[in-house]
Amino acid sequence: MLSLKNITKKFGDKRIIDNVSFEVQPGEVAVLLGASGVGKSTILRLLNNLETLNQGIVTFEGKKLDLESMHTNQTIGMIFQQFNLFEHLSVRENVTIAMRTVLGKSAKAADKIANDLLKRYDLTDKVDSSPSALSGGQKQRLSLARALAMRPKILCMDEPTSALDPVLTGYVAQEITDLAKDGLVVLIATHDIKLLEQLACTVHLMDKGKIVESGTMHSITSSPNKHPKISAFIKG
Ligand SMILES: Nc1ncnc2c1ncn2[C@@H]1O[C@H](COP(=O)(O)OP(=O)(O)OP(=O)(O)O)[C@@H](O)[C@H]1O
Ligand SMILES: [Mg+2]
């Protein structure tokens with residue numbers, strides 16, 4: 001289980017994340033939902049050591065996570081909204097580079113893992129292309145393959161469907177569901193209601209740096225009155 005307890009992040013004297021606590025079980029998809037600027041990405045960035053915590057504790061499988069350690073950085077994978085692919089490397093090299101430089105895998109071993117992942121995500125005919133030659137959906141799948149190559153236990157995805165049409169959004173929802181079924185902890189930041197509607201997930205609604213309401217999508221759909229704020233957000 002991933003547990004965040006009393007997480008606080010300030011920029012200057014503004015509390016951008018204000019005493020946030022929540023848990024995510026292996027196999028669970030958790031969604032941080034909320035309007036622009038409420039702090040969704042900042043929580044993912046804190047977990048991925050792209051920002052430093054001011055207060056709070058993060059634990060995984062009962063042990064405190066040192067977010068600045070190399071080991072933790074391998075435990076937690078991140079897929080960025082803009083993908084952040086390495087444009088000067090080929091599609092295959094995008095997947096192999098961290099396996100080689102961080103995990104110390106041989107070129108042959110890394111290529112094998114990359115080829116399997118790129119096959120799974122239907123990118124076999126693009127392995128030698130530049131990421132700039134990929135469509136939005138293909139870039140999304142490459143960023144997923146690149147993150148999974150490091151075998152993370154926790155996967156953070158920032159607005160995974162912001163660049164995608166409704167059909168591709170459906171595919172991504174299915175991919176996310178499959179990854180969670182494999183036992184991954186999946187944490188998503190989004191305001192995409194179309195994605196939400198296709199996920200069996202737990203929703204944490206954020207406002208001004210706080211979680212203001214939580215519930216499972218099942219409960220939100222069947223008993224919207226129990227979740228007035230989330231229901232109102234979904235209705236727009
Ligand atoms: N490095 C920074 N320095 C100062 N303020 C920051 C920094 N990063 C984020 N913020 C502020 O923190 C708040 C939360 O930003 P964040 O990116 O987490 O929002 P978000 O919920 O992901 O929004 P969006 O839906 O637009 O992606 C915003 O007001 C933003 O301006
Ligand atoms: Mg964001």
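That block above? That's the structure.
This one's a predicted model, so the numbers in the text were calculated from it and none came from an experiment.

### Here we look at unusual backbone geometry
Part 1 of the argument: For Asp-122, which is not glycine, the phi dihedral falls at a positive 60°.
Part 2 of the argument: With respect to the element layout, Asp-122 can be found in the loop between helix H4 (107-120) and helix H5 (136-148).
Part 3 of the argument: Residue Asp-122 is classed as exposed on the basis of its relative accessible area of 56%.
Part 4 of the argument: Unusually for a residue other than glycine, Lys-208 sits at a positive phi of about 45°.
Part 5 of the argument: Summarising the element assignment, Lys-208 is placed in the loop between strand S9 (202-207) and strand S10 (210-216).
Part 6 of the argument: When its relative accessible area of 68% is taken as the criterion, Lys-208 is described as exposed.

### Some words on the sheet that holds S10
Part 1 of the argument: With respect to topology, six strands assemble into an open sheet ordered S6-S7-S8-S3-S9-S10, the strand pairing being mixed. The sheet is open, and its two borders are formed by strand S6 (76-79) and S10, each paired with just one other strand. The average angle at which neighbouring strand axes cross in this sheet is 20°, direction not considered.
Part 2 of the argument: As paired elements, strand S7 (residues 154-158) and strand S8 (residues 185-190) share five bridges and run parallel to each other. Its bridge partner lying in S8, Cys-156 is registered against Leu-187.

### Overview of the pairing of S8
Part 1 of the argument: Among the six residues that make up S8, six are buried, leaving the element largely enclosed by the rest of the structure.
Part 2 of the argument: Burial along S8 is two-sided: Val-185, Leu-187 and Ala-189 facing one way and Val-186, Ile-188 and Thr-190 facing the other are all buried.
Part 3 of the argument: Examined bridge by bridge, strand S3 (residues 29-33) and S8 share five bridges and lie parallel to one another. Among the inter-strand pairings, Ala-30 is bridged to a residue of S8, identified as Leu-187.
Part 4 of the argument: The parallel pair S7 and S8, bridged by helix H6 (residues 166-181), forms a crossover whose chirality is right-handed.

### Here we look at the pattern of salt bridges
Oppositely charged side chains are able to pair whenever their charged atoms sit close together.
Part 1 of the argument: By the definition in use, this model includes five salt bridges.
Part 2 of the argument: Lys-210 is the partner of Asp-18 in a salt bridge, and the nearest nitrogen-oxygen pair spans 3.0 Å. Of this pair, Asp-18 sits in strand S2 (residues 14-24) while Lys-210 sits in strand S10, and the two are 192 residues apart along the sequence.
Part 3 of the argument: Note on Asp-18: relative accessible area 17%, which makes it buried.
Part 4 of the argument: Given the relative accessible area of 38%, Lys-210 is considered partly exposed.
Part 5 of the argument: Across the salt bridge formed by Arg-45 and Glu-51, the nearest N and O atoms sit 3.3 Å from each other.
Part 6 of the argument: Note on Arg-45: relative accessible area 29%, which makes it partly exposed.
Part 7 of the argument: By relative accessible area, which is 19% here, Glu-51 ends up buried.

Criteria and thresholds
The residue numbering used here restarts from 1 in each chain and proceeds along that chain's sequence as written. Note on labels: chains are lettered from A, ligands numbered from 1, in written order. Owing to the predicted nature of the model, reporting of local features is limited to residues with pLDDT of at least 70; listing and counting of side-chain atom pairs is limited to 80 or more, with chain, interface and lining totals taken over all residues. In computing side-chain values, all of the structure's heavy atoms are included and hydrogens and water are not. Helix and strand labels come from DSSP, where a helix needs a run of H or I of at least four residues and a strand needs a run of E of at least two; each type is numbered from the N terminus. For the exposure calls, accessible area comes from a 1.4 Å probe over protein chains only, and a residue counts as buried if that area is under 20% of its type's maximum, exposed if over 50%, partly exposed in between. Strand pairing is assigned whenever DSSP identifies at least 2 bridges connecting the two strands. Structural elements are reduced to axes, namely lines fitted to C-alpha atoms, with helices fitted over the stretch in contact, and the angle between N-to-C directions of any two is expressed from 0 to 180 degrees. Looking down the strands as they point away from you, a crossover is right-handed if its path from the first strand over the helix to the second goes clockwise. In the sections that follow, a salt bridge refers to a side-chain nitrogen of Lys or Arg positioned within 4 Å of a carboxyl oxygen of Asp or Glu.

Everything listed here is a matter of coordinates, which is why it stays silent on function.
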